Protein chains: 2
Amino acid sequence: MPDLSDVAAVAGVSKATASRALNGSGLVAPETAVRVVAAAARLGYVPNRAARELARGRTGIIAIVVPTLDNTFFTPIIAGAQARAEEAGLQLTVAVHALDSADAVERLSRQVDGFLVVAPRGTDTLVAGVGATKPAVLVDREIDGMTSVVADTATAFGALTTRLAAEGHPRIVYVGGPEGSWQDRQRTAAVRDAAQRAGAELTVLGPRPATFVAGVEVTPSVLETGATAVVPYATSIGLGLLLALGTRGVEVPRDLVVSTEPTVIEALGLEHTPAIDVDGEELGRTAMDLLARQLDGQDEPGRQVRLPVPVRG
Amino acid sequence: MPDLSDVAAVAGVSKATASRALNGSGLVAPETAVRVVAAAARLGYVPNRAARELARGRTGIIAIVVPTLDNTFFTPIIAGAQARAEEAGLQLTVAVHALDSADAVERLSRQVDGFLVVAPRGTDTLVAGVGATKPAVLVDREIDGMTSVVADTATAFGALTTRLAAEGHPRIVYVGGPEGSWQDRQRTAAVRDAAQRAGAELTVLGPRPATFVAGVEVTPSVLETGATAVVPYATSIGLGLLLALGTRGVEVPRDLVVSTEPTVIEALGLEHTPAIDVDGEELGRTAMDLLARQLDGQDEPGRQVRLPVPVRG
DNA sequence: GGGTCCGATGGAACCGGTTCCATCAACGAA
DNA sequence: TTCGTTGATGGAACCGGTTCCATCGGACCC
């Protein structure tokens, strides 16, 4: 297995120059750099991570903290972050942690350069604690002073509600998300506001966990309200609703419009059913970008990015 | 931040002795060891991972290769592996890769101590290639000579079919999984065999991707067969089926029994619907255990573990 | 009592990079 | 022509552990 001295020898330069050439420090003569890169490629040289870490005092590892992997909302975020990490020469490790206590993260903190934090719940204090020791980017939640990227679903939920009301739904139900969820607070407020403006009657049910089973369980309550449209906090809840409605003989969307996400709507061929379209991968990519810039010193902490969320269908 | 020399100085010994004492090599006088450990504790010493890696020639990182994160079958495996990795003092990184080519894995190979490979598809040659350079454990698939752990779903699918036939379903449909899937081949064979023994008529549809949309799309073909029970390859396909059946007014399970997984069956309150119960986390835990033992030299490569899969409901 | 063996310990090399500092050649300016 | 400056490069220290090898003192044996 070739190491840096081998590359240097083949290229006819010293280890120091080889190192500089491969890291693009710009202090090397262009032709020398080319020779070194060619030598590295020919030998199939891959730098030893541990040695680099030791010398640089950086690990090159980023941890993404997610509350669970069982929710399809989080996994695209991970995939997006992973793709970007690879491009930036960083490794991503996934830490499943609900952030209801601080210790597990503290241990991790010594082993990584930074954090991507997906924490829909948990108190501001606990979540902000993660960013205290190492650079961190908050995903789909905002806390003052912390860098974050969120999908602007609040605006989208508002628009969705306006649209449903305009399409002739005088009674609408919003099925809320998990207790203490930051996004749920935003969405509830937006939906309430939109319904009021449009003169529609709104019932808010919840809080509910963002699971399939919760959607099934909430179905009777939804039907009781006599509403003709329901807007669930999460796709998983919407799927549960759709399934339970099917077994009860309620026809969708004739008797009740259920707004989930475009892929579901399209697959089932549902008419008159608007839905919001969150790009989770983009969320992950953006978060990793922000963190990488922060690690390079190109960005100061505190930047807050909002990605627009379209309403489709 | 204290380092090993600090600990050694406080304990009044050399770095060499301090290192031995902290790693429990047994070559140190008991009282000396106690003194060193106490010094380390007092200083709050945490060993530098990079330095240890460099000296030992091991990275302490394991990569789990999965084809996608969008499938709820894989995520519990990751969670289980992650939990076990943490216990063993290893870091887990998730690599999303379909294993349809070799290069991406080759690059990773230098950065990790071993692989957990979840590759339902991909040729034996490509998959085995991952294990060529570093220790690897195959998850939910078997290849001669490679260590592996699989959920014995073939047996479970067979039992399920036998049971459905015994409960009065003369016509059964099996909706197959992705093209080239190892598990799909096992299951198809088991289902065929069981149906034949029981004298039931079996239709095999597929191959189909293991997605929700595929389940929706296959629904008309399922209904055409006139079967009274359907066994889908994956839960996601089953959910698609259930949804599509609901919108078509087919009553489940009266008109058609759809076998998915126990949580779904239970949530919807479906009667007479047996389902298999795969413990994905256990799969991940076991795989990580096998790999850890292999890295420690306690196990030879090639061990094949099969986890039993119960049929419930 | 002298020699041998063994357990405990210390010194120093080593893992494979990065980076500070010194060197050197070439070039422009005086 | 000579000196100062700049850009490219090499030598060597260093990051923080692990581990080989040598040393040393004490116990045991003949």
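Just above, that's the structure.
Structural notes, computed from the coordinates. (Residues numbered from 1 in each chain as written. Chains lettered and ligands numbered in written order. Predicted model: local features only at pLDDT ≥ 70, side-chain atom pairs only at ≥ 80, totals over all residues. Heavy atoms only, no water.)

## Points about the overall build of chain A
No. 1: Scanning chain A from terminus to terminus reveals 13 helices and 12 strands.
No. 2: In terms of overall dimensions, chain A is more spread out than a globule: its C-alpha atoms have a radius of gyration of 25 Å, far above the 20 Å expected for 313 residues.
No. 3: Principal-axis analysis of the C-alpha atoms places the extent of chain A at approximately 80 × 40 × 35 Å.
No. 4: Across the 313 residues of chain A, 52% fall into the buried class.
No. 5: Partitioning the contacts of chain A with sequence separation of at least 6, the portion at a separation of at least 24 is 66%.
No. 6: Of the roughly 13800 Å² of accessible surface on chain A, 49% is carried by carbon and sulfur atoms. (Helix = DSSP H or I, 4+ residues; strand = E, 2+ residues; numbered from the N terminus. Rg over C-alpha atoms; globule rule 2.2 N^0.38 Å. Buried < 20%, exposed > 50% of the residue type's maximum accessible area, 1.4 Å probe, protein only. Contact = heavy atoms within 4.5 Å. Areas by Shrake-Rupley, 256 points an atom, 1.4 Å probe, with all protein chains shown as cover.)

## Some remarks on the protein's contact with DNA strand D
No. 1: Taken together, 26 residues lie near DNA strand D, and A:Thr17, A:Thr32, B:Leu4, B:Ser19 and B:Tyr45 sit nearest.
No. 2: Backbone atoms, meaning sugar and phosphate, form 57% of the atoms of DNA strand D found within 4 Å of the protein.
No. 3: Side-chain polar atom of A:Thr17 to a phosphate oxygen of DNA strand D: 2.7 Å apart, as the coordinates give it.
No. 4: The side chain of B:Asn23 places a nitrogen or oxygen atom 3.1 Å from a phosphate oxygen of DNA strand D.
No. 5: Secondary structure elements with two or more residues in the surface near DNA strand D: α2 (15-22) and α4 (49-56) of chain A together with α2 (15-22) and α4 (49-56) of chain B.
No. 6: Looking at the surface near DNA strand D, the element that brings in the most residues is α4(B), giving 5 residues.
No. 7: Looking at the surface near DNA strand D residue by residue, the class counts come to 13 nonpolar, 7 polar and 6 charged. (Near = heavy atom within 4 Å. Polar contact = N/O pair within 3.5 Å; in protein donor to acceptor, adjacent residues only side chain to side chain. Nonpolar A, V, L, I, M, F, W, Y, C, P; charged D, E, K, R; others polar.)

## Overview of the relation of the copies chain A and chain B
No. 1: Mapping chain A onto chain B is achieved by rotating through 180 degrees and translating by 0.7 Å along the same axis, at an RMSD of 1.0 Å. Viewed as a symmetry operation, the transformation between the two copies matches a two-fold axis. No C-alpha of chain A approaches the rotation axis more nearly than that of A:Gly246, which lies at 1.5 Å.
No. 2: Looking at the interface residues of chain A, 95% of them are also at the interface in chain B, so both copies use one shared face. (Least-squares fit on C-alpha atoms with pLDDT ≥ 70 in both.)

## A short note on unusual backbone geometry
No. 1: The omega torsion across A:Gly206 and A:Pro207 is 0 degrees, close enough to zero to call that bond cis.
No. 2: With respect to the helices and strands, A:Pro207 occurs in the loop between β7 (201-205) and α10 (212-224).
No. 3: Residue A:Val252 is joined to A:Pro253 through a cis peptide bond whose omega torsion reads 5 degrees.
No. 4: Here A:Pro253 is to be found in the loop between α11 (235-247) and β9 (257-258).
No. 5: Although it is not a glycine, A:Asp140 sits at a positive phi angle of roughly 60 degrees.
No. 6: Here A:Asp140 shows up in the loop between β4 (136-139) and β5 (147-151).
No. 7: A positive phi is found at B:His272, a non-glycine position, where the angle reads about 50 degrees.

## Some thoughts on the sheet that holds strand β7 (residues 201-205) of chain B
Working definition: the strands of a sheet are paired by backbone hydrogen bonds and lie parallel or antiparallel to each other.
No. 1: Pairing is parallel in the open sheet, where 4 strands are placed in the order β7-β6-β8-β9 (chain B). Every interior strand has two partners, whereas the edge strands, β7 and β9 (257-258) of chain B, have only one. (Pairing = 2+ DSSP bridges.)

## Things to note about the protein's contact with DNA strand C
No. 1: Close to DNA strand C lie 27 residues; A:Leu4, A:Ser19, A:Tyr45, B:Thr17 and B:Thr32 are nearest.
No. 2: Each atom of DNA strand C within 4 Å of the protein was classed as base or backbone; sugar and phosphate made up 58%.
No. 3: A distance of 2.4 Å separates a phosphate oxygen of DNA strand C from a polar side-chain atom of A:Ser19.
No. 4: Interatomic distance of 3.4 Å between a backbone N/O atom of A:Asn48 and a phosphate oxygen of DNA strand C.
No. 5: Sort the elements by how many residues they give to the surface near DNA strand C and α4(A) lands first, with 5 residues.
No. 6: By residue class, the composition of the surface near DNA strand C is 14 nonpolar, 7 polar and 6 charged.

## Looking at the sheet that holds strand β6 (residues 171-175) of chain A
Residue and element names in this part refer to chain A.
No. 1: In space, the 4 strands of this open sheet follow the order β7-β6-β8-β9, with parallel pairing throughout. The open sheet terminates on both sides in strands that have one partner only, identified here as β7 and β9.
No. 2: Relative to β9, strand β8 (residues 229-232) runs parallel, the two sharing 2 bridges. Its bridge partner being in β9, Val230 is matched across the sheet by Val258.

## Observations regarding the interface of chain A and chain B
No. 1: Each partner contributes residues to the interface: chain A has 40 residues there, and chain B has 38 residues.
No. 2: For the pairing of chain A and chain B, the buried interface totals around 3600 Å² over both sides, and the portion due to carbon and sulfur atoms is 65%.
No. 3: Across the chain A-chain B interface, the total number found is 2 salt bridges.
No. 4: Where chain A touches chain B, the interface holds 5 residue pairs in polar contact (both at pLDDT 80 or more).
No. 5: Taken together, the elements giving at least two residues each to the side of chain A that touches chain B come down to α4, α5 (74-87), β2 (91-96), α6 (103-109), α10, α11 and α12 (262-268) of chain A.
No. 6: Tallied by class, residues from the side of chain A that touches chain B come to 25 nonpolar, 9 polar and 6 charged. (Buried area = accessible area lost by both parts, 1.4 Å probe. Salt bridge = Lys/Arg side-chain N within 4 Å of Asp/Glu carboxyl O.)

## A short note on α11(A)
Residues and elements named next belong to chain A.
No. 1: Here α11 is 13 residues long and its end C-alpha atoms lie 19 Å apart, about the 18 Å a rise of 1.5 Å per residue gives.
No. 2: Of all 13 residues that make up α11, 11 are buried, and the element is covered over most of its length.
No. 3: Those residues of α11 lying buried are Ser236, Ile237, Gly238, Leu239, Gly240, Leu241, Leu242, Leu243, Ala244, Leu245 and Gly246.
No. 4: The positive-phi residue at the C-terminal boundary of α11 is Gly249, with phi of around 75 degrees. (Expected span 1.5 Å × (residues − 1).)

## Brief notes about the packing of aromatic side chains
All names here are of chain B.
No. 1: For the structure on display, the rule yields 4 aromatic pairs over all chains.
No. 2: Where Phe157 meets Tyr174, the ring centres are 6.1 Å apart and the plane angle is 90 degrees; that geometry is what we call edge-to-face. Within this pair, whereas Phe157 is found in helix α8 (residues 153-166), its partner Tyr174 is found in strand β6 (residues 171-175), the two being separated by 17 residues in sequence.
No. 3: Overall, the relative accessible area of 2% leaves Phe157 in the buried class. (Phe/Tyr/Trp six-rings, centres within 6.5 Å; stacked < 30°, edge-to-face > 60°.)

## Looking at the nonpolar core
The nonpolar side chains of a soluble globular protein tend to be buried with one another.
No. 1: Counting residues in hydrophobic clusters, the biggest one holds 138 residues, and the most contacted among them are A:Ile64, A:Val222, B:Ile64 and B:Val222.
No. 2: Excluding residues that lie within four positions of it along the chain, B:Ile64 makes contacts with B:Ile77, B:Ile78, B:Ala81, B:Leu92, B:Thr93, B:Val94, B:Ala95, B:Leu116 and B:Val118.
No. 3: With 34 residues, the next largest nonpolar core counts A:Leu108, A:Val117, B:Ala95 and B:Leu108 among its residues. (Core = buried A, V, L, I, M, F, W, Y, C linked by side-chain atoms within 4.5 Å.)

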